[in-house]
Amino acid sequence: MKKPLIVKQTPYGDGVFANKEFKKGELITRMKGKTYTWDSAPIESDNQNNHFLQIGKDLYLGPSGFLDDKINHSCEPNSAIYIKNGKVNLFAIKDIPLGEQISFDYSITAHEREHDHWQMECLCESKNCRKIVKDFIYLPTEIKREYIKLGLVPQYILEDTELILSRRQSI
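If you're wondering where the values come from, they're calculated on a predicted model, not measured in any experiment.

Caption draft 1: Structural context of unusual backbone geometry. With a phi close to 50°, Asn 85 is a non-glycine residue in the positive phi region. Position of Asn 85 among the secondary structure elements: in the loop between β8 (79-84) and β9 (87-92). Its relative accessible area of 73% is what places Asn 85 among the exposed residues. Phi is positive for Lys 131, which is not a glycine, with a value near 75°.

Spelled out as structure tokens, the structure:
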């Protein structure tokens, strides 16, 4: 039986590719790794290569050492992270053909912390590339609305988005 995902070299490093067709709504993989709080996470200072995934207001999934660490960002993703009951799963948000690179928008789970303004250079080269990947709050309004409408935004971000926006407007 062939594996549903394979790692291949891309011009920017490793990427994960579909080794079968995935239908919209289908589970692609479970994200693994040890969970950390912000204060306990050994997060690397190199934002371009830190494999920590925010999964709660102050909860992060560390690198697993497996292929889930190699799933890249895209400003036009074909999958999204769903967090439920402590499980972190990656699902297809559109049909994914055999051979296509698996990607998700890192901004969907990234939540601004008071003293941390995470960002990284985007190399996705999609026609709508934002060039810089930042926390959810910094996404263009129309993209935020679309992600919310599709049910892709985790609850911890939805709860704080209004508060963050009102705080910025009063400054």
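Caption draft 2: Region of interest: the layout of surface pockets. Space inside the second largest pocket adds up to approximately 240 Å³. Lining the second largest pocket, in full, are Cys 75, Glu 76, Pro 77, Ile 93, Lys 94, Asn 128, Glu 142, Ile 143, Glu 146, Tyr 147, Leu 150 and Leu 152. Looking at the lining of the second largest pocket residue by residue, the class counts come to seven nonpolar, one polar and four charged.

Parameters at a glance
Residues numbered from 1 in each chain as written. Predicted model: local features only at pLDDT ≥ 70, side-chain atom pairs only at ≥ 80, totals over all residues. Heavy atoms only, no water. Helix = DSSP H or I, 4+ residues; strand = E, 2+ residues; numbered from the N terminus. Buried < 20%, exposed > 50% of the residue type's maximum accessible area, 1.4 Å probe, protein only. 1 Å grid on protein atoms, 1.4 Å probe; cavity = no way out; pocket = protein on both sides within 12 Å on 5 of 7 lines; lining within 4 Å. Points joined across faces, edges and corners; volume = space filled by probe spheres on them. Nonpolar A, V, L, I, M, F, W, Y, C, P; charged D, E, K, R; others polar.

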